[in-house]
Each structure stands twice: as structure tokens, then as C-alpha cells.
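Overview (structure and organization)
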Amino acid sequence: MEINEKFQEKKHHEFLTENTDFEVRSLDAVCFNESELKHPWWYNLKYAVAGILFGIILVKAEVISWFRIQEMFRLQSFHMFGVIGSAVTVGIISVWIIKKFKIKTIYNEPIEFVSKKFNKGNIYGGLIFGFGWAITGACPGPLFAQIGTGATVIVITLLSAIVGTWVYGYFREKLPH
Amino acid sequence: MFEFLKQPWPWYVAGPLIGLMVPALLLIGNKSFGISSSLRHICAACLPAKISFFKYDWKKEIWNLFFVVGILMGGFIAIQLLTTGDPIQVNPQLQAELATYGITNYNSFVPEDLFTWPSLLSVRGLVMTVAGGFLVGFGTRYAGGCTSGHAIMGLSNLQWPSLVATISFMTGGFIVANIVLPYILKL
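Residues numbered from 1 in each chain as written. Chains lettered and ligands numbered in written order. Predicted model: local features only at pLDDT ≥ 70, side-chain atom pairs only at ≥ 80, totals over all residues. Heavy atoms only, no water.

**What about the interface of chain A and chain B?**
With 121 residues of chain A at the contact, the number on the chain B side is 130 residues. Here chain A and chain B share an interface that buries about 11200 Å² over both sides, 74% of which is from carbon and sulfur atoms. The largest share of the area that chain A buries against chain B comes from Tyr47, Lys60 and Phe67 of chain A, three residues that together contribute 8% of it. Where chain A touches chain B, the interface holds one salt bridge. (Contact = heavy atoms within 4.5 Å. Buried area = accessible area lost by both parts, 1.4 Å probe. Salt bridge = Lys/Arg side-chain N within 4 Å of Asp/Glu carboxyl O.)

**Comments concerning the environment of tyrosine 183 of chain B**
Position of tyrosine 183 of chain B relative to the elements: it lies in helix H9 (residues 160-186). A C-alpha to C-alpha distance of 9.7 Å links tyrosine 183 of chain B and arginine 124 of chain B, two positions 59 residues apart in sequence. (Helix = DSSP H or I, 4+ residues; strand = E, 2+ residues; numbered from the N terminus.)

**A few points about unusual backbone geometry**
Residues and elements named next belong to chain A. Unlike most non-glycine residues, leucine 75 shows phi in positive territory, near 55°. Within the secondary structure layout, leucine 75 lies in the loop between helix H3 (66-73) and helix H4 (79-100). The residue asparagine 108 is not glycine, and still its phi comes out positive at about 65°. Among the structural elements, asparagine 108 can be located in the loop between H4 and helix H5 (121-136).

**Topic: the packing of aromatic side chains**
Going through the model one piece at a time under the given rule, you end up with 26 aromatic pairs over all chains. On the numbers, 5.7 Å between centres and 85° between planes, the contact of tryptophan 66 of chain A with phenylalanine 67 of chain A is edge-to-face. When sorted by exposure, tryptophan 66 of chain A lands in the same class as phenylalanine 67 of chain A, which is buried. Every member of this aromatic cluster is reached through a ring pair, and the members are Tyr124 and Tyr168 of chain A together with Phe53, Phe54, Phe134, Phe138 and Tyr142 of chain B. Its guanidinium or amino end placed over the ring of phenylalanine 113 of chain A, lysine 99 of chain A lies 4.9 Å from that ring's centre, counting from NZ or CZ. Lying over the aromatic face of phenylalanine 53 of chain B, arginine 40 of chain B brings its terminal NZ or CZ to 3.8 Å of the ring centre. (Phe/Tyr/Trp six-rings, centres within 6.5 Å; stacked < 30°, edge-to-face > 60°. Buried < 20%, exposed > 50% of the residue type's maximum accessible area, 1.4 Å probe, protein only. Lys NZ or Arg CZ within 6 Å of the ring centre and 35° of its normal.)

**Some words on a nonpolar patch on the surface**
Residues Ile93, Trp96, Ile97 and Phe101 of chain A make up a contiguous nonpolar surface patch of roughly 440 Å² in combined accessible area. Residue isoleucine 97 of chain A is classed as partly exposed on the basis of its relative accessible area, which comes to 33%. (Patch = residues over 30% accessible without salt bridge, like charges linked within 9 Å, V, L, I, M, F, W, Y side chains within 5 Å. Areas by Shrake-Rupley, 256 points an atom, 1.4 Å probe, with all protein chains shown as cover.)

**A look at the packing of H3 of chain A against H9 of chain B**
At their nearest, the axes of H3 of chain A and H9 of chain B sit 9 Å apart, and the two run at 110° to each other. Classified by the angle their axes make, H3 of chain A and H9 of chain B are roughly perpendicular. Of the two elements, H3 of chain A crosses H9 of chain B, and the hand of that crossing is left-handed. Together, Trp66, Gln70, Met72 and Phe73 of chain A of H3 of chain A and Met170, Gly173, Phe174, Ala177, Asn178, Leu181 and Leu185 of chain B of H9 of chain B make up the contact between the two elements. Its residues assigned to classes, the contact of H3 of chain A with H9 of chain B shows eight nonpolar, three polar and no charged. (Axes fitted to C-alpha atoms, helices over the stretch in contact; angles between N-to-C directions. Parallel < 35°, antiparallel > 145°, perpendicular 65-115°, else oblique. Left-handed = near helix turned anticlockwise from the far one by under 90°. Nonpolar A, V, L, I, M, F, W, Y, C, P; charged D, E, K, R; others polar.)

Written out as C-alpha cells, the structure is:
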């Protein structure tokens, strides 16, 4: 009995920290932060507001433009490198400040960071995504923003991306990681 | 002020604002910035098909779906209220190259010479829209994240696998944009 409990505890700990199992949330740090608090659904509206702001920024920075992505991959403009570089710089400083001063969320919960574990998918998948990015001129965020700007045919690109995600899930165990 | 908002924003304004999404999402609910996982949640919600990768409680991650719907709405608001309607200014070299493939319309972010409903009937349009989208969805999930999850959130948290992923994104993009895409555009 005691052994079983210990096993459960160990498993749970691995689930939270190691992030290597091939079951549920593995390889996806993005899906990881889980609040202990239970909120009504409309608390999620604040993420919609954050999304609206992000969507506006993506459009105004022209990073949702197929042309800007082509310029980037042909080294014909500094714009995209400037956007990504300065975004990462601000992100690094922000995360550093949050860790340094142990800043909490607005609900007074400690902010958690999850380490990403390397697997070969970071390379293979990364290359495949890069191929697609150069063709569509959009990563997932801009796909949504592009549809919002009235390019309704991008719904097809988005559906195709969802199918791609599904097919990955289907063949996942057969792929090298 | 409003006139400034209507102009395209320079990188040193837009980039830092994008970077601020990282602490914003952490502070308002302990969420790691990332977008491609929304595609996974949609799979889990619509067609999990007993695939273990999609068997999880997607409702716990519903914030991510609110976030992407917000992005779509933000795109709508920006294009309706915050644009001058001027054509996009691109490098003349790129303009000259694209002209040889019949791409001359710079009025929208998504080139109307490439991505329209009728273009789906052409080989070029079909390959770029459908195959391109597939590679984005398959690749981001295989890589465990996209430009937001790896290049911005991962690098902000100094995760070296995210650096590997980001370098891979860029390498893949450079190869296809410079070597493969010209053949696709000729279709």
C-alpha cells in the first residue's frame, strides 16, 4: 500500500517536472501551467483581451505579411529580425525580473516556469515548420490574425494545420524523438 | 497620436510590445505564451480518435482558445480601424523577383495573387495553402512549439532546446524560401 502511494507520488512528480512521458502533456511546456484555483468561464475573457491586443500588434508590425516573411528569409530587411530580437530581449528581462523578485500572479499565486526538455523533434519538427512558414508566410498566431483581416481563404490553411497536428499525433510514436 | 497608430509600427515599437505578452500572460493567470498548442486542443476537442496524444482534458486549456479567437478579432479591429490602406512597402529586389512570378499586388498582407478562394483551383494555390498549412501544423507540434512558444517564450526563459528549435525554424525557412519556393511559384 505504502509502496503504491510512493509510486503514485513519484509518477505525479515526474509528470510535473520531467515532462518526458508520451502520454498526455509531454513535450509541451505550453500546456503545463495549471492553476489550483477554479474560476468561472468568463475569467477567460481576459485572455481574449490579451489576444486582441496581440492581434493588433501583429497586424501593425506587418509580421502577418507574407512579403515580410519572404524578406526575412532572403535577408532583404532587418524588420522581422528586429521584431523577434527585441521581443526576446524584453521577454528575457521580464522573466528575469519575475524570478528575481518572485512576483506573483494577480491571484497571488507563485509564477511557475517549466523547463523544455530537448528531443530530436525540436530539430526535425523545427525544420518542417520552417518549410511551411516560408510557404504560407505565417506561423500559427498570424494565421488567426490573417483570417481576421479578411483573408478568409486562410481558414483552409488553418484547417490544414489542424490536420497536420492531428496526423502528427497519429504517427507520434513512430517518429524519432 | 491616432495618425501614428495608423502607420505601420517600426520594429522597436512592435517587438517590445510582443515581448510584453510574456509577462502579461504570466501575471494574469500563470500562462506560458504559446499559440500552436491551440491546434492540439482543437484536435483533442473535435477528433481525439483514441489517440493518446489527444486524450487529455482540453477544457483545462481553454484559455488558449480564447487567446487565439482574440488574435483573430484583433486582426479584424486593426484592419478596420487602424490602417491607412497604403500598399505594403517591400524591398525592391523582392518586388522584382516576385514580378517574374506574376505577383504584383501589394494591397493586402496576404498576397491576392497567391491566396484566394479561386486560387485553390490552381496547383500553385493549392500547394501553398493546403500543403503549407499542413507543414506548419505538423512541424510546430513535432517541434513542441512555434515562434511564440519556442522563439519568444522559450528563449525568454533561456531554454536551450528552444534555441535549437528556433535555429531549425530559420534554417528550414531559409532553405525553402530561397531554393524550393521559386519552383512552387513557377507552378
